[in-house]
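# Descriptive analysis of the structure
The chain contents come next:
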Amino acid sequence: MGGGRHADVAGSEGPWAGRLRPVKSVVKRTTSDLRRHNRSILLSALYVQGPTSRNRLTRVSGLSSATVSNVVSQLLAEGLIAEGGSEDSDGGRPRSVLEIRPDYGSVIGVDIGETHVRIGLFDWTLSVITSEVYPIADTRLDAESVAALVLQGISDVTRAAGVDPADLLGVGVGVPGAVQPDPRIAGRMLVHAPTLGWSGVALGEMLAPGVAAPLMLDNCARTLGQAEMWRGVGQGADRVVTALIGVGVGAALGSGTEGGTTGLAPATIEWGHTVIYAGGLPCRCGSRGCLEAYVGADAILHRYQSTLGSQPFHAAGTEGRLAELTARAATDPVAMETLEKIGEYIGIGIGNLINLLHPDLVVLSGWAGSVMGGVVLPTVRATAERHALSYLRGRTRIEVGRLGQEAVAMGAATLPVAHLLTTGGRRPEIMSGSGSGSGMGSVSGAVPGPGSGAGAWA
Ligand SMILES: [Zn+2]
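### Looking at the overall build of the chain
The helix and strand inventory of the chain stands at 14 helices and 16 strands. Each of the 458 residues in the chain was classed as buried or not, and the buried ones make up 53%. The long-range fraction of contacts in the chain, counting pairs at least 24 apart against all pairs at least 6 apart in sequence, stands at 64%.

### Thoughts on the sheet that holds strand β7 (residues 170-175)
One open sheet holds the five strands; their spatial order is β6-β5-β4-β7-β11, and the pairing between them is mixed. What marks the edges here is a single partner per strand, and that holds for β6 (128-135) and β11 (215-219). With direction set aside, neighbouring strand axes in the sheet form an average angle of 15°. Bridge analysis of strand β4 (residues 106-112) against strand β5 (residues 116-123) gives seven bridges, and the strand direction is antiparallel. Paired with G109 across the strands is G120, a residue of β5.

### Notes on the packing of helix α3 (residues 54-61) against helix α4 (residues 65-77)
Geometry of a packed helix pair, given as the angle between the helix axes and the separation of the axes. At their nearest, the axes of α3 and α4 sit 10 Å apart, and the two run at 115° to each other. α4 is crossed by α3, and the crossing has right-handed handedness. For the pair formed by α3 and α4, the contact residues are R54, L57, T58 and S61 on the first element and S65, V68, V72 and L76 on the second. Residues that form the contact of α3 with α4 fall into these classes: four nonpolar, three polar and one charged.

### Points about the coordination of the zinc ion
Bound to the zinc ion on the protein side are H273 (ND1), C283 (SG), C285 (SG) and C290 (SG), at distances that span 2.0 to 2.4 Å. For the zinc ion, the four donor atoms in the first shell make angles of 105 to 121° at the metal, a pattern classed as tetrahedral. Along the chain, the residues that donate to the zinc ion are spaced as H-x9-C-x1-C-x4-C. Of this pair, H273 sits in the loop between β14 (267-269) and α8 (292-295) while C290 sits in the loop between β14 and α8, placing them 17 residues apart in sequence. Among the residues examined, C290 registers a relative accessible area of 0% and is labelled buried.

### Some remarks on the side chain of E292
Mapped onto the elements, E292 comes out in helix α8. Of note is the side chain of E292, whose polar atom sits 3.1 Å from the backbone nitrogen of V249.

### Quick look at the environment of A382
Its location among the elements puts A382 in helix α12 (residues 366-387). Sequence-wise, A382 and E344 are 38 residues apart; in three dimensions their C-alpha atoms are separated by 8.4 Å.

### Some thoughts on the packing of aromatic side chains
Here a ring pair, both rings aromatic, is described through the centre-centre distance and the interplanar angle of the planes. Per the counting criterion, the structure on display carries six aromatic pairs. Ring geometry for Y47 against W124: centres 5.4 Å apart, planes inclined by 40°, an arrangement best described as tilted. Within this pair, whereas Y47 is found in helix α2 (residues 20-49), its partner W124 is found in the loop between β5 and β6, the two being separated by 77 residues in sequence. Taken as a pair, Y47 and W124 share a single burial class, namely buried. Both rings, one in Y277 and one in Y294, keep their centres 6.0 Å apart while their planes meet at 10°; by these two values the pair is stacked. Of this pair, Y277 sits in the loop between β14 and α8 while Y294 sits in helix α8, and the two are 17 residues apart along the sequence.

### Focus: α3
For α3, the full list of buried residues reads L57, T58 and S61. One side of α3 carries all its buried residues, which in axial view fall inside an arc of 100°. Of the residues one or two after α3, G62 is the one with positive phi, at around 75°.

### Notes on the environment of T130
Counting through the fold element by element, T130 comes out in strand β6. If we skip the residues at most four places from it in the chain, T130 touches I119, G120, L121, V157 and A161.

### What about the pairing of strand β15 (residues 361-365)?
The buried count for β15 comes to five of five residues, which makes it a mostly enclosed element. Neither face of β15 is open: one carries L361, V363 and S365, the other V362 and L364, and all of them are buried. Of the strand pairs in this sheet, strand β12 (residues 239-245) and β15 are connected by five bridges, and their pairing is parallel. When the bridges of β15 are listed, V240 appears paired with L361. Pairing analysis gives four bridges linking β15 to strand β16 (residues 397-400), with the strands arranged parallel. Paired with L364 across the strands is V400, a residue of β16. Note on the crossover from β15 through α12 to β16: the handedness is right-handed.

### So, α12
Helical geometry: 3.6 residues make up each α-helical turn, so side chains three or four residues apart lie on a common side. Compared with an ideal rise of 1.5 Å per residue, which puts 22 residues at 32 Å, α12 spans 23 Å between its outermost C-alpha atoms and falls more than 12% short. The largest bend in α12 is about 75°, located at G373. Listing the buried residues of α12 in full gives G366, W367, A368, G369, M372, G373, V376, L377, V380, T383 and A384.

### Some thoughts on the sheet that holds strand β10 (residues 198-201)
If you trace the three strands from one edge of the open sheet to the other, you get β8-β9-β10, paired in antiparallel fashion. Looking at which strands have only one partner, the edges of the open sheet turn out to be β8 (178-181) and β10. Sheet twist, expressed as the mean angle between neighbouring strand axes with direction ignored, is 15°. Across four bridges, the pairing between β8 and strand β9 (residues 189-193) is antiparallel. Within the sheet, the bridge partner assigned to V179 lies in β9 and is V191.

About the cut-offs
- Throughout, residues of each chain are indexed from 1 in the direction in which the sequence is written.
- Reporting in this predicted model follows two pLDDT cut-offs: at least 70 for local features of residues, and 80 or more for side-chain atom pairs to be given and counted; totals over whole chains, interfaces and linings ignore these cut-offs and use all residues.
- As a convention, hydrogens and water are excluded, and side-chain values are obtained from all of the structure's heavy atoms.
- Each helix is a run of H or I in the DSSP string that is no shorter than four residues. Each strand is a run of E no shorter than two, and both are numbered from the N terminus.
- A 1.4 Å probe rolled over the protein chains alone gives each residue an accessible area, and that area as a share of the maximum for its type sets the label: buried under 20%, exposed over 50%, partly exposed in between.
- In what follows, a contact means two residues having at least one pair of non-hydrogen atoms within 4.5 Å.
- Here, strands pair whenever DSSP counts at least two bridges between them.
- Between the N-to-C directions of two axes lies an angle of 0 to 180 degrees, each axis being a line fitted to C-alpha atoms and, for a helix, fitted only over the stretch in contact.
- Here is the rule for handedness: rotate from the far helix to the near one, and if that takes an anticlockwise turn smaller than a right angle the crossing is left-handed, while a clockwise turn gives right-handed.
- Any residue outside Ala, Val, Leu, Ile, Met, Phe, Trp, Tyr, Cys, Pro, Asp, Glu, Lys and Arg is labelled polar, Gly included; the first ten of those are nonpolar and the last four are charged.
- Each metal site is built from N, O and S donor atoms within 2.8 Å (3.2 Å for Na, K and Ca), and since water is not included, such sites may look incomplete.
- Irregular is the label for any site that misses the other tests, which are tetrahedral for four donors with all angles between 85 and 135 degrees, and square planar for four donors or octahedral for six when opposite donors exceed 155 degrees and the remaining angles lie between 65 and 115.
- Pairs of N or O atoms are called polar contacts if they sit within 3.5 Å, as long as, within protein, a hydrogen donor faces a hydrogen acceptor (for residues adjacent in sequence, only side-chain-to-side-chain pairs).
- Stacked, tilted and edge-to-face pairs are distinguished by plane angle, under 30 degrees for stacked and over 60 for edge-to-face with tilted covering the rest, among Phe, Tyr and Trp rings (Trp via its six-membered ring) whose centres lie within 6.5 Å.
- Note that the arc is computed from the directions linking the helix axis to the C-beta atoms.
- For the handedness criterion, the strands are oriented away from the viewer, and a crossover whose path from the first strand over the helix to the second runs clockwise is classed as right-handed.
- By this rule, a helix spans an expected 1.5 Å times one less than how many residues it contains.
- One axis fitted to the seven residues ending at a residue, another fitted to the seven starting there: the angle between these axes is the bend at that residue.

Okay, here's the thing in structure tokens:
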């Protein structure tokens, strides 16, 4: 995109020659675009690749050393980056490296799930400063209550960390559903999350009056994928499917961080509602035999409890019980048998993903995926291998996400960071209550098209 605009600068000189005003305005706009583009390239490279020398930065960016030197001076002066330690050069004297300054600012990531709302406060390199979890009883919550809980959480974590909410670089919200533009009101984004019972909820508008910082919304599988590619097991991978397992099941396909800018998945995948069993168990979506009806957290607990010889749970709530079941697997054969069966179903689902999308990495994530991932992984891998076509076999790694329970909140927190990186360090604007917020619209890229309106994730 930047390359195209770049070309316009030269091309516009001919036809516009002699017409001073238009030429001037075109050149002015494209020069600032170019400046922003160069800043974005260098800032993103440092962000994604870590401490880097000026020489290496010049090499990987393809920019001239004069431009690199110029932009680096600006970024240093603005406090976005710092001179760090040094790296050994080949035989020569050690070179100093440049690195991102974590103290430049902090961001909040909001994870809205079916069993909890988690608010994470991170520095802008995504290290956790503090986080707070608010369990949701196993009933459907109305959007107003969720919005109130989110605002309470933002207030709680900023107060705990002594951060002024107005100083935040932004607040990202990950929702278990699709975020799409309102066809009637320009700039307004609506959340469609059938698992929460939400259809066309203007969540951004409900939150904006209580949030002093720029606010951005997107689907949580997409943002989680971005976090896995920046800071998790997805680093360096080219085609990554992030499989998100909670009460609901979803996935997102992301591709490598070309130019180091963003790994935000271009597509969400209704993986949970792909059928793995003809005429199988009924699913919340109205169909039968969906993957989610077998490997969603509630489905797993139900399977265990209805198996002869299972023990009653001590923990209350879905999350506590799944943790208990996983811990029990070492000693309780019924628990082990249940999780092996679940691993087989997940493996079948991943085998299908491999045959359809041939990713080079599948990340098992989401709170339930993280809790049981270690136990089910061997079965998942063996089953996926068995069901993948022979020529695709052995090409796809399957890993459990390493971002832990904060993963989804961290994913949401990537939204304001991605904005900062793509604009070369420009702070996003604060969304106005009426929904004309450029801060939201520019980043909360919903994927239009079939299927994206029926997100069912946890
Ligand atoms: Zn379904």
